[in-house]
Amino acid sequence: MLVLPFSGLSSQKMTCSIANASMGFSGICRLGFDFNRNEERKKKGKFSLVGLADSPAYTADQKIPPPNIYHDVLKVAREKFTQEISFRSKDKDISLAKALLYVAAEDEAFMAYNREMDARSLENERRGASGASISQEWDTIDAMPLAGKNISQWLEELDAIAKEVQAELVSRDIGCHLVEVLEAVNIVLFESRGFQRSPVMVDSKCSYMHSVLSSGRGSAIMLSIIYIEVCRRLNLNIVGSRVGEDFLIWPQTGNPEELFKISSGRSLFGVVNGRCVEDPRSKASDLNSDTLLGLDIATNRDIIGIALANMIRLHWKRASRTNHGLMLTSPLRRVYNANDKFNQSESSDVPLLRPRDLRLAIMASEKLLILQPHNWALRRDHGMMLYFYRDYEEAVQELSICMAFAPEEEAQVLEPFVEKLHLLRLESSWKSLGHKGRLTVT
């Protein structure tokens, strides 16, 4: 039986962080620079949180100052995400939680920007209310509050869970053997803390780490990441692999047979992965020590990629909910059909989707492309989302790049669609100049 060395937990050793794309502000809040401060404070990256209920109203003839802070937060969050998953770094040094924190910070900045624009519109309609601005400031994006806690406080939350596991082991007066440690992790996470998998992925909060830590409900991949992070704080290395629809995890060991030995009616593999191992409908139920060795172990970059891919699917589903059954690639086949003419497909034929959710899907796709720049199918889907977003210029660029990597038969499908996008881009420019009617291909 494996024995785990225990070391004291300290906040100085923690390198991971948790966050979500939904800030728990009370009332309507604005994340923005204090525009009355000097430029030096901007350069230092001082951010301020201003309650819009108390901020001055803007009259119809006033020009609203551009909320540069959102662009700054978006830029910094993307840069920090890119640095965290950089291919110049060793995979083992990548922090799963920190990378996902920056994903959440970027998403929150985008959603906060939309909330501010809505609130400012309401203020303009009132045309009278004004009041003193109340702001709360912080120095860096790492101190940015997310649902009432900053990064360090969410790190402390993970640290606290690990300490609870240690306390559980001490209270039971047992050693630090592998089975006992994993059972203690399960007791703390799934009994004491009440974590559970969300059966239907419709709530975006289930895909953001801090919200899962806060609510106890999350997607399977997020719960697996929390499990991995807690075990890392206990000096236990957990690895994982995608098996069918499940992401399975297990302690890294040179003796895989030990994972499948039955003790007290369950195997160690079953202790870690729960009911899916016993479900005959799941591919996990067919695994044994031999087939486990044949699985591809997911790297930290792979795990982050799985989380981002889930976000893309979720946001796309929410964006297209009024167009039931709409697929990203549906327009490609219509244009490829020889019976269709380009001028039969106008920009007005693009289905109307929920723009905020669609934009969140695009942002997740952009980050996944940083991880998988040569994935032609991912780039095709990204280009199609830009098409639905009516950003025809960017869509042309992404799909043209995709054609260079795609198999020949796929490139042949893409080519006429890209030609159509060129036409739509010209038509948009034509209309922006005040011209009426539409361009046609003869």
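For clarity, every value in this text was computed on a predicted model and none was experimentally measured. (Residues numbered from 1 in each chain as written. Predicted model: local features only at pLDDT ≥ 70, side-chain atom pairs only at ≥ 80, totals over all residues. Heavy atoms only, no water.)

1. Some remarks on unusual backbone geometry
And step 1. Not every positive phi belongs to a glycine, and alanine 147 is a case in point at roughly 55 degrees.
And step 2. On the basis of relative accessibility, which here comes to 30%, the residue alanine 147 falls in the partly exposed class. (Buried < 20%, exposed > 50% of the residue type's maximum accessible area, 1.4 Å probe, protein only.)

2. Points about the pattern of salt bridges
And step 1. In the structure shown here, the tally under the stated rule is 18 salt bridges.
And step 2. For glutamate 366, the salt bridge is made with arginine 359, and the minimal N-O distance between the two is 3.5 Å.
And step 3. When its relative accessible area of 22% is taken as the criterion, glutamate 366 is described as partly exposed.
And step 4. Judged by its relative accessible area of 19%, arginine 359 falls in the buried class.
And step 5. We note a salt bridge from arginine 379 to glutamate 398, for which the minimum N-O separation is 2.6 Å. Taken together, the positions of arginine 379 in helix 13 (residues 376-388) and glutamate 398 in helix 14 (residues 392-405) put the pair 19 residues apart, joining distant regions of the chain. There is no split in this pair, since arginine 379 and glutamate 398 are both buried.
And step 6. Each of Arg78, Glu106, Arg359, Glu366 and Lys367 takes part in one network of salt bridges that share partners. (Salt bridge = Lys/Arg side-chain N within 4 Å of Asp/Glu carboxyl O. Helix = DSSP H or I, 4+ residues; strand = E, 2+ residues; numbered from the N terminus.)

3. Observations regarding the nonpolar core
And step 1. Judged by nonpolar contacts, the single largest core of 111 residues is most densely connected at Leu182 and Tyr387.
And step 2. If one sorts the elements of this core by residue count, helix 3 (residues 96-126) sits on top with eleven residues.
And step 3. Not counting residues up to four positions away in its chain, the partners in contact with tyrosine 387 are Pro331, Val350, Tyr392, Ala395, Phe417, Lys420, Leu421 and Leu424. (Core = buried A, V, L, I, M, F, W, Y, C linked by side-chain atoms within 4.5 Å. Contact = heavy atoms within 4.5 Å.)

4. Re the side chain of arginine 379
And step 1. Look at arginine 379 and you get buried, because its relative accessible area is 11%.
And step 2. Setting aside residues up to four positions removed in sequence, arginine 379 forms contacts with Leu369, Pro373, Glu398, Leu399, Ile401 and Cys402.

5. Description of helix 5 (residues 178-192)
The periodicity of an α-helix, 3.6 residues per turn, causes residues three or four places apart in sequence to face the same way.
And step 1. Under the 1.5 Å per step criterion, the end-to-end length of helix 5 is 20 Å for 15 residues, consistent within 8% with the ideal 21 Å.
And step 2. Looking at helix 5, one finds that the buried residues are Leu178, Val181, Leu182, Ala184, Val185, Asn186, Val188 and Leu189.
And step 3. The elements touched by buried residues of helix 5 are helix 4 (151-171), helix 7 (220-232), strand 6 (238-243), strand 7 (246-251) and helix 8 (268-273).
And step 4. Downstream of helix 5 by a residue or two, glycine 194 has a phi angle that is positive, lying close to 70 degrees. (Expected span 1.5 Å × (residues − 1).)

6. Some words on the packing of aromatic side chains
And step 1. As enumerated under the stated definition, the model contains seven aromatic pairs in all.
And step 2. Seen in terms of ring centroids, phenylalanine 260 and phenylalanine 269 are 5.0 Å apart; in terms of plane orientation they differ by 25 degrees. Their pairing is stacked.
And step 3. Look at phenylalanine 269 and you get buried, because its relative accessible area is 1%.
And step 4. Plain terms: the ring middles of tyrosine 387 and tyrosine 392 are 6.2 Å apart, the flat faces sit at 45 degrees to each other, and that makes the pair tilted.
And step 5. Taking the relative accessible area as the measure of exposure, tyrosine 392 reaches 5% and is therefore buried.
And step 6. Three or more aromatic residues joined by ring pairs make a cluster, and in this case those are Trp316, Tyr387, Phe388, Tyr392 and Phe417.
And step 7. Lying across the ring of tryptophan 154, lysine 149 places its NZ or CZ 4.7 Å from the centre.
And step 8. One residue, arginine 359, lies across the ring of tyrosine 389, its end atom 5.5 Å from the ring centre. (Phe/Tyr/Trp six-rings, centres within 6.5 Å; stacked < 30°, edge-to-face > 60°. Lys NZ or Arg CZ within 6 Å of the ring centre and 35° of its normal.)

7. Focus on the side chain of serine 267
And step 1. Structurally, serine 267 is set in strand 9 (residues 266-267).
And step 2. Classification of serine 267 by relative accessible area gives buried; the value is 10%.

8. Description of the pairing of strand 7
The side chains of a regular strand alternate, first on one face of the sheet and then on the other.
And step 1. In terms of burial, strand 7 is largely enclosed, as six of its six residues are buried.
And step 2. Taking every second residue as pointing to the same face, both faces of strand 7 are buried, with Asp246, Leu248 and Trp250 on one and Phe247, Ile249 and Pro251 on the other.
And step 3. Pairing analysis gives six bridges linking strand 6 to strand 7, with the strands arranged antiparallel. Looking at strand 7, one finds that serine 241 is bridged to leucine 248.
And step 4. The antiparallel pairing of strand 6 with strand 7 creates a hairpin that spans two residues between the two strands, and glycine 244 there sits at a positive phi of about 60 degrees. (Pairing = 2+ DSSP bridges.)

9. Quick notes on the environment of isoleucine 238
And step 1. With respect to the helices and strands, isoleucine 238 occurs in strand 6.
And step 2. For isoleucine 238, a relative accessible area of 5% puts it in the buried group.
And step 3. For the pair isoleucine 238 and proline 251, spaced 13 residues apart in the sequence, the C-alpha separation amounts to 4.4 Å.
And step 4. The residues contacting isoleucine 238, other than those within four sequence positions of it, are Leu182, Ile228, Cys231, Ile249, Trp250 and Pro251.

10. Things to note about the environment of aspartate 391
And step 1. You can see aspartate 391 is positioned in the loop between helix 13 and helix 14.
And step 2. A residue is classified by how much of its surface remains accessible, and aspartate 391, at 26% relative accessible area, is partly exposed.
And step 3. Separated by 30 residues in sequence, aspartate 391 and leucine 421 have C-alpha atoms that sit 9.6 Å apart.
And step 4. Only 3.3 Å separates the side chain of aspartate 391 from the backbone nitrogen of glutamate 394, close enough to count as a polar contact. (Polar contact = N/O pair within 3.5 Å; in protein donor to acceptor, adjacent residues only side chain to side chain.)

11. Overview of the packing of helix 3 against helix 12 (residues 355-371)
And step 1. At their nearest, the axes of helix 3 and helix 12 sit 11 Å apart, and the two run at 150 degrees to each other. When the interaxial angle is binned, helix 3 and helix 12 end up roughly antiparallel. Crossing angle aside, the handedness with which helix 3 passes helix 12 is right-handed. Seen from helix 3, the contacting residues are Val103, Glu106, Asp107, Phe110 and Met111; seen from helix 12, they are Arg356, Arg359, Leu360, Met363 and Lys367. (Axes fitted to C-alpha atoms, helices over the stretch in contact; angles between N-to-C directions. Parallel < 35°, antiparallel > 145°, perpendicular 65-115°, else oblique. Left-handed = near helix turned anticlockwise from the far one by under 90°.)

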